[in-house]
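# Coordinate analysis (summary)
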Amino acid sequence: MSESSLPFDRVGGEESVRAIVDRFYDLVEQDPAYAALHAMHQPDLTALRHSLTRFLVAWLGGPRDWFEARPGMCIMGFHRQLAVTAQTAAQWAHAMDRAIAADPGIEPETARQMSEALHRMCRAMAVQARTAAEAAATAAAAG
């Protein structure tokens, strides 16, 4: 890959990111191990494939059109309406690990760093969803 300090360049740019996302969603659609994760999404994942590609491109340091199209939106806010559980977060992270690992052009250290950061995001989304559910339950019990 590239000697650039940008993760976007080190993973191979947009083409590599798109291939990772396609492998990821292929796994989600086809592997029964990710059934709970797949059930959270609409049957046609075309729009999600595009959105995740654009997000990862920007997140890795490439063109920031995902963020420009969603001023003030972060990935956590984008997923706030989903009931992400520890199970679905783990499924997402595992499928993404597999998708990243299948790219022979990504240096192992870059793949490790990318996976670790994505794992942290997944865990945070599960905590966010659990905290929101607990707050709603407390409010309902008090009301």
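None of these values were measured; they are calculated from a predicted model.

## Let's talk about the overall build of the protein
Across its full length, the protein carries 8 helices and 0 strands. Listed by position from the N terminus, the elements making up the protein come as α-α-α-α-α-α-α-α. What you see for the protein is a C-alpha radius of gyration of 16 Å, in line with the 15 Å of a compact globule of 143 residues. If you line up the protein on its principal axes, its C-alpha atoms span 60 × 35 × 30 Å. Looking at the protein as a whole, 38% of its 143 residues qualify as buried. In the form shown here, the protein has an accessible surface area of approximately 7900 Å², with 59% of it arising from carbon and sulfur atoms. Averaged over its 13 positive side-chain charges, the protein has a centre that lies 6 Å from the centre of its 17 negative ones.

## Some remarks on helix H2 (residues 13-30)
Counted at 1.5 Å a residue, the expected span for H2 with its 18 residues is 26 Å, and the 26 Å between its end C-alpha atoms agrees. Looking at the buried positions of H2, the neighbouring elements they touch are helix H1 (7-10), helix H3 (35-39), helix H4 (46-59), helix H7 (86-101) and helix H8 (108-142).

## Notes on the side chain of Arg 54
Inspection of the secondary structure assignment puts Arg 54 in helix H4. On the basis of relative accessible area, Arg 54 is assigned to the buried category, the value being 10%.

## Overview of the pattern of salt bridges
Evaluation of the coordinates by the stated rule reveals 10 salt bridges. Taken together, the shared-partner salt bridges connect Glu 14, Arg 18, Arg 54 and Asp 65 into one network.

## Re the nonpolar core
Of all hydrophobic cores here, the largest spans 38 residues; its most connected members are Phe 24, Leu 52 and Met 96. Those elements giving two or more residues to this core turn out to be H2, H4, helix H6 (75-78), H7 and H8. Among the elements that take part in this core, H8 stands out by supplying 8 residues, more than any other. Each residue touching Met 96, except ones within four places of it in the same chain, is listed here: Ile 20, Phe 24, Leu 52, Leu 56 and Leu 118.

## Description of the environment of Ile 20
Assignment of secondary structure puts Ile 20 in helix H2. Separated by 55 residues in the primary sequence, Ile 20 and Ile 75 have C-alpha atoms spaced 18 Å apart.

## Description of the packing of aromatic side chains
Enumeration according to the criterion identifies 6 aromatic pairs in this entry. Arranged with centres 6.4 Å apart and planes meeting at 20°, the rings of Phe 55 and Trp 59 form a pair that is stacked. With Phe 55 and Trp 59 both in helix H4 and 4 residues apart, this pair spans about one turn of that helix. Looking at Phe 55, the relative accessible area reads 4%, which means it is buried. Given a relative accessible area of 28%, Trp 59 falls into the partly exposed group. Ring centres of Phe 55 and Phe 67 lie 5.8 Å apart, and the angle between their planes is 55°; this geometry places the pair in the tilted category. Of this pair, Phe 55 sits in helix H4 while Phe 67 sits in helix H5 (residues 65-68), placing them 12 residues apart in sequence.

## Brief notes about H4
Between its first and last C-alpha, H4 extends 20 Å over 14 residues, near the 20 Å set by a 1.5 Å rise per residue. Of all 14 residues in H4, 10 are buried; the element is thus mostly enclosed. Those residues of H4 not exposed but buried are Leu 48, Arg 49, Ser 51, Leu 52, Thr 53, Arg 54, Phe 55, Leu 56, Val 57 and Ala 58.

Each value, and the rule that gives it
Residues numbered from 1 in each chain as written. Predicted model: local features only at pLDDT ≥ 70, side-chain atom pairs only at ≥ 80, totals over all residues. Heavy atoms only, no water. Helix = DSSP H or I, 4+ residues; strand = E, 2+ residues; numbered from the N terminus. Rg over C-alpha atoms; globule rule 2.2 N^0.38 Å. Buried < 20%, exposed > 50% of the residue type's maximum accessible area, 1.4 Å probe, protein only. Areas by Shrake-Rupley, 256 points an atom, 1.4 Å probe, with all protein chains shown as cover. Lys, Arg positive; Asp, Glu negative; His and termini not counted. Charge placed at Lys NZ, Arg CZ, Asp CG, Glu CD. Expected span 1.5 Å × (residues − 1). Contact = heavy atoms within 4.5 Å. Salt bridge = Lys/Arg side-chain N within 4 Å of Asp/Glu carboxyl O. Core = buried A, V, L, I, M, F, W, Y, C linked by side-chain atoms within 4.5 Å. Phe/Tyr/Trp six-rings, centres within 6.5 Å; stacked < 30°, edge-to-face > 60°.

Read these as spatial facts, not as claims about activity.
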